[in-house]
Amino acid sequence: MRMRFHGFVRAMASLAAVLALSRGPAAAAANDPAPPRLRLPRVAEPAGYVVDLTIDPGQVQFRGVVDIDVRVNEMTDVLWLNAKDLKVEKVSVSLAGRTAAVRTIPGGDEFIGFAFDRAIEPGALKLHVAYTGTLDETSTQGLFRQKDGEDWYAFSQFESTDARRAFPCFDEPGYKVAWQLTLRIPKGTSAVSNTPVASETEEGGLRVVRFGKTPPLPSYLIALGVGPFDYVDAGRAGARKTPIRIVAPRGEAAQARYAAQTTGPLLERLEAYFGIPYPYEKLDQLAIPQTVTFGAMENAGLITWSERILIAPPAEETINFQRVQASINAHEMAHQWFGDLVTLAWWDDVWLNESFATWMADRTLIEWKPEWHEDVARVQASSNVMFEDVLVTARKVRQEIESNDDIVNAFDAITYQKGAAVLTMFESWVGVEKFRTGVHDYLEAHKFGSATERDFLQAIESASRPGVAAAFSTFLDQPGVPVIEVSLDCAGAAGRLGLAQKRLLPIGSRGSTGETWRVPVCVRAESDGAPARACALLADPKGSTPAPTAGCPSWVMANDGELGYYRALYKGDLLNKLLSVADSKLSLAERVGLIRDVNALGEAGAIPMSDALALVPRFAGDPVRHIVGATLRIADDIQEHLVAPDLRPNYARFISKMYGQRARSLGFTPRPGEDDDTRLLRSSMVPFAAEEGEERELQAEAKRLSLAWLQDRKAIDAELAGEVLQVAARFGDRALFERFREAAKTSQERRDRSRLYRALGRFTDPALLKEAFQLALSPDLDSRETGAILFSAARSQAGREPVWEFVKANFDPIIARMPRESTGEAPFVAAGFCDAAHRKDTEAFFQGRIDKLPGGPRALAQVLEGVDLCIASRAAQEGSVREFLKKY
């Protein structure tokens, strides 16, 4: 799947092995109790933390002292906390005014125990721990350091279970208390954290920065940054005039223009929706030079970002940069309410954070920038995640958490995009204002505390109608996508719609068909020029409902607004009738959703793939880029595995006829006065036509522009630079390869290196690819970047086999250089295969390896299922595609 595969690419781009955890001076005794398996025992809980960290970003080691007020709930002789990669130097316990004897005991990889000489009674105690730890230089988990230019910086990333790498703590989201943080840092640097600075002094040659006490927060939302930062004042916003700053590496303040301009207005829109003032004292947006498995993180009052999506030089402030930045900004700020103000009680409800932030970002941008057509992007995202949700190996939105692997797997498209799509569907069904009331009531009832799925669903149901919670749960507590078959019977005076539901399963799937959902099916139809709308809750496998029109409808749209999380399968001539009025009667979002549904049903085998391909000639010339994009998806989906070798020329002629003339007219170079949609259409259609349509004129232009770009980065518009380089590489020779390789080694700009590394993976000569892959093992290059070569090759027909052989031959050094948090995505390098031999090879290769990689078993299962389904689809659909392409 695209999200996970892309994550693997980022992963292949990293360095560093996992450090062994030292448990302090005590060795394990034969009678020491066993550590917890996953969660801490409920015998104790924190009441507050005081943390004092000495951090010099220029040094690998940091020192820490933590004082924890603990409430003991049951008599116990051992107190378990989370700790990882920390060396305890001193520990003491104060209990009822006296010091109790205590020793540390080992706790495996995730825990540390503090054993008492005799059992202690319920009550209050204070635990004092002095320790040391390591600032990781490759991973972006726990506390880590990075060099940018000549400067060193230190940052944190604690979600989900990595606060334990910074201090011993109760590292679970349900433990939510106040924190007091002090940082001792070198002179010439500054520090940021969740709260404003309370005081600054100098002690022992260090700058001592004491921050204000936080409101109640879980450990994973504590955050910090240390370094020679630039600070950009972004003004004040919201009911409380919250101060906003953009915090950037030294010398990069000028790149914060867009973030500084948009953060305040977005915050005010969110505040107005929730009806609750922004809950923290300030809002800092902190840029991290490189991140691995996250783009941004919603730490309360201090959102941390991958630098590339928060700030940009003026030439790189592209249309896509602005839209992605605004979307993620709205997402992370929505978390300040959903996730921070109200926190999930345990990771099985991570959707209460991520689904809501995604849903809220979508609806915020739809209102803020209607010209961006984020309602269409929302439909596309919902459709995309359905392609993953049809897998038997797909997670549930609310997935039980039984291991750390499950926590790793929880942050995927099912949680983000499916959860958001389900929220959109139920918001539409119960009514926007009633849903908003339920959201507000939920936040008010649980603010500064924790909550569960049950709490939220009860709030929505109380604000709307009975039965909402039960219906909602059917989409949260089971995987899969419903397909709703729609038929029309006009035998009576008025029409009646027949509805039938089942789980959509691709050809070859071994999944169960026994699932049913309580689906809000909202229909729009027209009779005698009078449109009408109605909704029905389909709870059984089959049902019917009156057509919403007075007479027999001339057409029926079975997913009004494309807001429902289901695929619509039209029976009889309903699809043709709907397509005939699509341009005049359907919204843009509905037209895109309709095309995407037909595409998905073709891929699943519910209809012939040729029926989906027939939409390409119908819509490829549409003036709207979103419609053209939907046809590009259909045309692109078949080319990997459904076009037989003897039909490749036919396929190229088909692509050229559909898109060639328009692509040649657009070319790779923008023209003055073009609107955003024209520029965005160029970036998607022109490279595709150049490569798959074998447009020689465009291929030559790509090479010419690439050679010019090597001398002057302004030669290609930043919106297209990566795509142009990749097109040139696909048809390039050794001379071009060597120019790209040398530029990648010497470029000072991370964005440019990223473009070049991806282009190096697109060459087709196996000898050149082998040379490119060696860069991923070069000790002189940052493998967090060079791994992009492997990703690029793995998604191309020419590179897939060579990169698979390279990964197998060099697996151990590759894994050793990857950040530990992303090694579990390694199987996705084999995700593009479509034959039994490679399926067998993939399964055999990862035998005995995958269980050691975080989240790896599910990733491997998804890859193997994907290969199986591809094999079945090829057997079933290749003939249909052949018949279609014969015309070309």
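Definitions and limits used
Residues numbered from 1 in each chain as written. Predicted model: local features only at pLDDT ≥ 70, side-chain atom pairs only at ≥ 80, totals over all residues. Heavy atoms only, no water. Pairing = 2+ DSSP bridges. Helix = DSSP H or I, 4+ residues; strand = E, 2+ residues; numbered from the N terminus. Axes fitted to C-alpha atoms, helices over the stretch in contact; angles between N-to-C directions. Buried < 20%, exposed > 50% of the residue type's maximum accessible area, 1.4 Å probe, protein only. Phe/Tyr/Trp six-rings, centres within 6.5 Å; stacked < 30°, edge-to-face > 60°. Lys NZ or Arg CZ within 6 Å of the ring centre and 35° of its normal. Parallel < 35°, antiparallel > 145°, perpendicular 65-115°, else oblique. Contact = heavy atoms within 4.5 Å. Nonpolar A, V, L, I, M, F, W, Y, C, P; charged D, E, K, R; others polar.

1. Structural notes on the sheet that holds strand β14 (residues 206-211)
Spatially, the eight strands line up as an open sheet ordered β5-β4-β8-β2-β1-β11-β14-β13, and their pairing is mixed. Because the sheet does not close on itself, it has two edges, and the strands there are β5 (98-100) and β13 (197-203). Each strand of the sheet is rotated relative to its neighbour by a mean of 20°, with strand direction disregarded.

2. Let's talk about unusual backbone geometry
Here the bond from E159 into S160 is cis, since omega is 10°, no more than 30 degrees from zero. Residue placement: S160 occurs in the loop between β10 (151-157) and β11 (179-186). Even without being a glycine, H373 presents a positive backbone phi close to 60°. Here H373 shows up in the loop between α5 (351-368) and α6 (374-389). Judged by its relative accessible area of 27%, H373 falls in the partly exposed class. In the Ramachandran plot, D528 falls in the positive-phi region, its phi being about 50° despite a non-glycine side chain. Tracing the chain through its elements places D528 in the loop between β25 (519-527) and β26 (530-538). The exposure class assigned to D528 is exposed, which follows from its relative accessible area of 81%.

3. Some remarks on the packing of aromatic side chains
Counted according to the given criterion, the structure contains 48 aromatic pairs. Judged by centre distance (5.5 Å) and plane angle (70°), the ring pair of W359 and F435 falls under edge-to-face. On the criterion of sequence distance, the pair formed by W359 in helix α5 and F435 in helix α9 (residues 432-446) is long-range, its members being 76 residues apart. The pair W359 / F435 is uniform in exposure class, with both members buried. One residue, R465, lies across the ring of W429, its end atom 4.3 Å from the ring centre. Here the basic side chain of R849 rests over the ring of F845, its NZ or CZ set 4.0 Å away from the ring centre.

4. Things to note about the packing of helix α4 (residues 319-334) against helix α18 (residues 676-692)
Orientation of α4 relative to α18, taken along the N-to-C sense of each, is 100°, at an axis distance of 10 Å. Between α4 and α18, the interaxial angle falls into the category roughly perpendicular. Residues I319, N320 and R323 of α4 lie in contact with α18, whose contacting residues are D676, R679 and L680. Its residues assigned to classes, the contact of α4 with α18 shows two nonpolar, one polar and three charged.

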